Amino acid sequence: VAVGARHSAVVSDKGQVLVWGSADLGQLGLGCTSDRELHEWGYDPCTGGSFAYSSHPKVVSSLWGARVSAARVCCMSFGTAILTSSGDVWCWGNNTSGQCGVGQKHPSNELTFVDSDMNRTAMQVIRRPEKVLFDPPDRIQSLSCGGYHVAAVNERSQVFTWGLGVFGRLGHGDQKDRHQPQLVPRLQDQITQQVACGEAFSVSLSSAFRLTLTGCGSDGHFAPSAFVALPVGPLAAHASRASPAALSHSDIHLDAVVTAQLHQVKFPFDASLPPSIGGPVQSSVVLIDRGLWEGEWLKLETINFDFRVEFSNFSGVFPESIGNMKLMFPMDGKWTKEDCEGKLCFVDVSTRTSATSQSEILTEIYKMSAEAKEGRAKAVVAVLPKGVKIFECEDEPPASIRRFPFGIMSYDHGQVLRDHLSKLIESMVKEAQDSGNFTECMQAMQQWVEMEEFGTGRKYYHNKVTQQNRWAPPQYELPTEACIVKVAQDPFFERLKALVDAKPRGVIVSQQSWRPDVEMLDLPADFDTVAVQVPIAMVSYDMGQEIREIMHCNSEVHASLSIQASGTLLSWGNGTYGQLGLDELENKSRSLHKSKRNDLSRAFHRFVESPSCVAHMHGFEMKAVACGGRHAVVVLDNGEMFSWGAKEGLGAPVEDNRGDPVFVEHLEGMVKVSNAFCGGEHTFALASMPFKSLLPDFAVL
């Protein structure tokens, strides 16, 4: 069963297509509307004229007469498409933007006017079913219709789209209409299991790599670990190379693309340094870091975390790196200018102001930077208040700090840095107490005592030896050094190319902490002939940390890459209501959304023109996806369901639209979902009870 804006269609068990509803744009496929045996006529209150319709189901006789047996039917807003049992696609209805996929010059195209008195209402329609031709010819295994576009998956698991291209819903990297099926470039070499179309967006469910780690350590064999990895470059080519393999140090047997010992290659974080590749690369699966992106970064010698810093554009000529700096980061936010001498100073904006506007925050940052500069600080990094997104410091600062290097850091990264430095201090103090070996700095800290000012009760700190007083707590000499690195150009692909040229068995790319979520990467053209022989997979930062921990704790670790049927969720098109599920991602996807203003409604629309990874669902085993008018849902293998987009169709207690997947918790423990279907603003879940029941299967609205 399928439903359009004003018509419906079903497929019978004999393969017949039955339709009913409005026929004004040929969406019923019954031919000319002047045929009164097939069409009825009614008054149209919108135009004051009349329109054709069918009030009860009728067989599309042209299909049945041509012995076309339908297996599935889909409806666009004003069009219909079927997938036959032989793998062909037939379409009819509104073809103004190419929705029928037969080309602009097809002889069946007919010009009609929605309102005969208005030339601007001219529409191009096809009133009888026409076969859609694909290049190259191939059987189609699945089909889905959006409001004004269609997507199909062929037997080679490639995705074709056609129809209206506004907001990039076709996934071709632009907003052009396509009047005939065209292969989606980014999915050309992937293995797509399913594609679903919403009103103005699309979602696909594709295969991924499954990374399995086995091996041994001092305690013998460790328990195998498995991770879902996003393909970087082609995946389909590797599927044919998979062969049965017995994994080392385990009883696991699977069809593996590659299995070899895991070896880590570390690149310098400074992009100006050339990559140095050593070790047994050719016989190993190699683990590498994604590396740093363009911009300024803070690196500490005591933590493998990349702290993103945005420095002022007026900080003068920024050197390639500022290194070997001591840090000043007051844990309670209180400090004096005397604490800043020769240090990279971190200051918490929220301790000085509760403002959240960019201009007010910058004003306070200017004041703190001036104080630190007076105290002879090397540079200042201000940690933004919670909820304030990092921004570019483009405004011209006061003359007193115009050449002084100052910048900002996000609240989240500031918290990570604060927690790390707190642990360093605790560890340093505990070690000194246990050993009785107090450093000069710690001895100096013990000279300070907290006191209260007579009459006011205000706390201050008094040095018992020097008799010095201060209002802010004394600062520990932090046991770490930092450097600030400016990366002018992303060196990742250059380094990856150098590594691939060394011909390893496979490559695992771990995202960095500043961009922890996985992302779709398009390999440069010179990878085409080489990379297909070397499987490249990407894991999130958290997964990468877990893999490094396994390697650290065990003497021998083997990695195997196999194909997981469904592990990658991709989306593209209109994302104004969050229906793409790409919000709140910490990777390059922040800049994937483009904006466009509707001149009539003055509303802004956010959209993505190419398939992008819904990284929130990375690592889940998914089996079905469905799209509504402005929302989408995905069903997991374990029977759970997630949804995102316009709040009306999410099935979750949310007060606003969601741009990231939310767990439909009301179904947890009650039913096990096997499939889902979406309408304009509602969702159906096909579910079964987890225990024996008189009603084993039912639908949940």
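Worth saying up front: this structure is predicted, and the values here are computed from it rather than measured.

K.L.:
Please explain the overall build of the protein as it appears in this structure.
P.N.:
Within the protein, the regular secondary structure consists of seven helices and 43 strands. With the principal axes as the frame, the protein shows a C-alpha extent of 105 × 65 × 55 Å. Looking at the protein as a whole, 53% of its 701 residues are labelled buried. Of the accessible surface of the protein, which amounts to about 32,200 Å², a share of 49% is contributed by carbon and sulfur atoms.

K.L.:
Explain the packing of aromatic side chains to me, please; I cannot follow it from the model alone.
P.N.:
Aromatic ring pairs are reported here in terms of the distance separating the ring centres and the angle at which the planes meet. The tally for this structure, following the rule as stated, stands at 13 aromatic pairs. Seen from their ring centres, F134 and F160 are 5.4 Å apart, and the 85 degrees between their planes marks the pair as edge-to-face. Here the residue F134 occupies a position in the loop between strand 10 (122-132) and strand 11 (140-145), and F160 occupies one in strand 13 (residues 159-163), the gap between them amounting to 26 residues. With 5.8 Å between their ring centres and 50 degrees between their planes, F167 and F607 make a pair best called tilted. In this pair, F167 sits in the loop between strand 13 and strand 14 (178-183) while F607 sits in strand 36 (residues 604-613), placing the two residues 440 residues apart along the sequence. Members of the aromatic cluster, joined through ring pairs, are F134, F160 and W162. Above the face of the F492 ring, R290 is positioned so that its terminal group lies 4.3 Å from the ring centre.

K.L.:
Which parts of the structure should I look at to understand the sheet that holds strand 28 (residues 448-452)?
P.N.:
The strands making up a sheet associate through hydrogen bonds between their backbones, and the pairing can be parallel or antiparallel. Read from one edge to the other, the open sheet built from three strands follows the order 28-29-30, with strand pairing classed as antiparallel. Of all the strands in the sheet, the pair left with one neighbour each is strand 28 and strand 30 (469-470). Examined bridge by bridge, strand 29 (residues 459-463) and strand 30 share two bridges and lie antiparallel to one another. Bridging across to strand 30, Y461 finds its partner in R470.

K.L.:
Just checking my understanding: could you explain the pattern of salt bridges for this structure?
P.N.:
Pairing between side chains of opposite charge can happen when their charged atoms approach one another. Across all of its chains, the model carries 27 salt bridges by this definition. Two residues, E110 and R127, come together in a salt bridge whose shortest N-O distance is 3.0 Å. In this pair, E110 is assigned in strand 9 (residues 110-113) and R127 in strand 10, connecting sequence segments 17 residues apart. You can call E110 partly exposed: its relative accessible area is 35%. Note that D501 and K497 form a salt bridge whose closest N and O atoms lie 3.1 Å from each other. Here D501 pairs with K497, and both are found in helix 6 (residues 492-501), just four residues apart, close to one helical turn. Residue class for D501 comes out partly exposed when judged on its relative accessible area of 42%. Through salt bridges with shared partners, one network takes in R352, E364 and E371.

K.L.:
Where do I start with unusual backbone geometry in this structure?
P.N.:
Excluding glycine, most residues fall at negative phi; most peptide bonds, likewise, are trans. Of the consecutive residues D135 and P136, the connecting peptide bond is found in the cis state with omega at 0 degrees. Mapped onto the fold, P136 is located in the loop between strand 10 and strand 11. One non-glycine residue, F167, adopts positive backbone phi at about 70 degrees. Given the relative accessible area of 12%, F167 is considered buried. In this structure, H249 is a non-glycine residue whose phi angle is positive, near 60 degrees. On the secondary structure map, H249 appears in the loop between strand 19 (243-246) and strand 20 (253-264). Residue H249 is classed as partly exposed on the basis of its relative accessible area, which comes to 26%.

K.L.:
Please explain the pairing of strand 2 (residues 7-11) as it appears in this structure.
P.N.:
Here is the key point about a regular strand: its side chains alternate between the two faces of the sheet. Across the five residues that make up strand 2, a large majority, four, are buried. Bridge count for strand 1 (residues 2-3) against strand 2 is two bridges, and the pairing is antiparallel. Within strand 2, the residue paired with V3 across the bridge is S8. Following strand 1, the chain reverses through three residues before pairing antiparallel with strand 2. Note that strand 2 and strand 3 (residues 17-22) share five bridges and pair antiparallel. Bridged to H7 within strand 3 is G21. Hairpin geometry of strand 2 and strand 3 is characterised by an intervening segment of five residues between the two adjacent antiparallel strands and by a positive phi of about 90 degrees at G15.

K.L.:
Help me out: how do you make sense of the environment of T212 in this one?
P.N.:
For T212, the position within the fold is in strand 16 (residues 201-217). Residue classification places T212 among the buried residues on the basis of a relative accessible area of 6%. As for T212 and F227, which are separated by 15 residues in sequence, their C-alpha atoms are 6.5 Å apart. When near neighbours in sequence (up to four residues on either side) are disregarded, T212 contacts S225, A226, L247, L254, H558, A559 and S560.

Criteria and cut-off values
Residues numbered from 1 in each chain as written. Predicted model: local features only at pLDDT ≥ 70, side-chain atom pairs only at ≥ 80, totals over all residues. Heavy atoms only, no water. Helix = DSSP H or I, 4+ residues; strand = E, 2+ residues; numbered from the N terminus. Buried < 20%, exposed > 50% of the residue type's maximum accessible area, 1.4 Å probe, protein only. Areas by Shrake-Rupley, 256 points an atom, 1.4 Å probe, with all protein chains shown as cover. Phe/Tyr/Trp six-rings, centres within 6.5 Å; stacked < 30°, edge-to-face > 60°. Lys NZ or Arg CZ within 6 Å of the ring centre and 35° of its normal. Pairing = 2+ DSSP bridges. Salt bridge = Lys/Arg side-chain N within 4 Å of Asp/Glu carboxyl O. Contact = heavy atoms within 4.5 Å.

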